[in-house]
Amino acid sequence: MSTPEEFERLDCSAVIADVWLLLDNECDEQARRRLQCHIDTCKPCLEHYGIEQQLKSLISRKCGGDQAPSGLRERLTLEIRKTVIVTDVD
Ligand SMILES: [Zn+2]
């Protein structure tokens, strides 16, 4: 049912799901690419969540072989949880 445009344009809520994937997995290449692509094309969304820089850092750290620092993980988890709650109510 999706048009090509819809397929290419990742939904912002799907981005948050990908963030969870990256947090839970060492390095999910597909999720990482989707996120990287989304950050490049939809900056306002991650800026809105206040996690753009954290996410970029997470992507490079995770896929560079490092664990995300616990503080970063906590912050991201908090932001995502808030986002999910806000989205739910909205
Ligand atoms: Zn977005």
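Residues numbered from 1 in each chain as written. Predicted model: local features only at pLDDT ≥ 70, side-chain atom pairs only at ≥ 80, totals over all residues.

**Observations regarding the overall build of the protein**
For clarity, the threshold we go by: Numbering of helices and strands runs from the N terminus; a helix is a DSSP stretch of H or I covering at least four residues, while a strand is a stretch of E covering at least two. Whether a residue is buried, exposed or partly exposed is read from the other C-beta atoms within 10 Å of its own C-beta, which are placed from the backbone; 20 or more gives buried, 12 or fewer gives exposed, and intermediate counts give partly exposed. We call two residues in contact whenever the C-beta atoms placed from their backbones are within 7 Å.
A tally of helices and strands in the protein yields six helices and zero strands. Within the protein, the proportion of its 90 residues that are buried is 18%. Counting contacts in the protein only where the partners sit at least 6 residues apart, residues at least 24 apart contribute 50% of the total.

**Some details on the environment of Cys-12**
The topology assignment puts Cys-12 in helix H2 (residues 12-24). For Cys-12, a count of 16 C-beta atoms within 10 Å translates into the label partly exposed. Residues Cys-12 and Leu-46, 34 residues apart in the sequence, show an inter-C-alpha distance of 8.7 Å. In contact with Cys-12, other than residues within four places in its own chain, are Cys-42 and Cys-45.

**A look at the packing of H2 against helix H3 (residues 29-41)**
Two quantities define a packed helix pair, namely the angle between the axes and the distance from one axis to the other. To keep it simple, the criterion reads: In this analysis an axis means a line fitted to C-alpha atoms, helices contributing only their contacting stretch, and an angle means the value between N-to-C directions, from 0 to 180 degrees. For this classification, under 35 degrees means roughly parallel, over 145 means roughly antiparallel, 65 to 115 means roughly perpendicular, and everything else is oblique. Handedness of a helix crossing follows the sense of rotation of the near helix relative to the far helix, less than a right angle counterclockwise being left-handed and clockwise being right-handed. Residue polarity is assigned by list, with Asp, Glu, Lys and Arg as charged and Ala, Val, Leu, Ile, Met, Phe, Trp, Tyr, Cys and Pro as nonpolar; anything else, Gly included, falls into the polar class.
Running from N to C, H2 and H3 point in directions that differ by 135°, and their axes come no closer than 9 Å. Relative to H3, H2 is oriented oblique. You can see that H2 and H3 cross each other, and the crossing is left-handed. In this structure, H2 contributes Val-15, Asp-18, Val-19, Leu-21 and Leu-22 to the contact, and H3 contributes Ala-31, Arg-32, Arg-34, Leu-35 and His-38. For the contact of H2 with H3, the per-class residue count stands at six nonpolar, one polar and three charged.

**A look at the UniProt feature "domain: Putative zinc-finger" (unreviewed entry) in the protein**
Stated precisely, the cut-off is as follows: UniProt positions are given in the numbering used here, feature names are shortened, and annotations may be inferred rather than shown by experiment.
UniProt annotation of "domain: Putative zinc-finger" (unreviewed entry) refers to residues 12-45 when read in the numbering used here. Taken as a whole, residues 12-45 contains 85% helix and 0% strand, while its terminal C-alpha atoms sit 7 Å from one another.

**Remarks on H2**
Applicable threshold: Multiplying one less than the number of residues by 1.5 Å gives the expected span of a helix. The reported arc concerns the directions from the helix axis to the C-beta atoms and nothing else.
Taking 1.5 Å per residue, 13 residues should reach 18 Å; H2 reaches 19 Å between its end C-alpha atoms and fits that length. Residues of H2 that are buried: Val-15, Ile-16, Val-19 and Leu-22. Along the axis of H2, the buried residues cluster in a sector spanning 115°; they form a single face. Exposed residues pointing more than 90 degrees away from the buried face of H2 are listed as Ser-13 and Asp-24.

**Remarks on the nonpolar core**
Defined as follows: For the purposes of this analysis, a nonpolar core is taken to be any set of buried Ala, Val, Leu, Ile, Met, Phe, Trp, Tyr and Cys residues that are connected through C-beta atoms within 7 Å.
If you look at the biggest cluster of nonpolar residues, it comprises 13 residues, and the most contacted ones within it are Val-19, Leu-22, Leu-35, Ile-51, Leu-55, Leu-58 and Ile-59. Secondary-structure elements contributing two or more residues to this core are H2, H3, helix H4 (43-49) and helix H5 (52-63). When residues of this core are assigned to their parent elements, the largest contribution, four residues, is made by H2. Not counting residues up to four positions away in its chain, the partners in contact with Ile-59 are Leu-22, Arg-32, Leu-35 and Gln-36.

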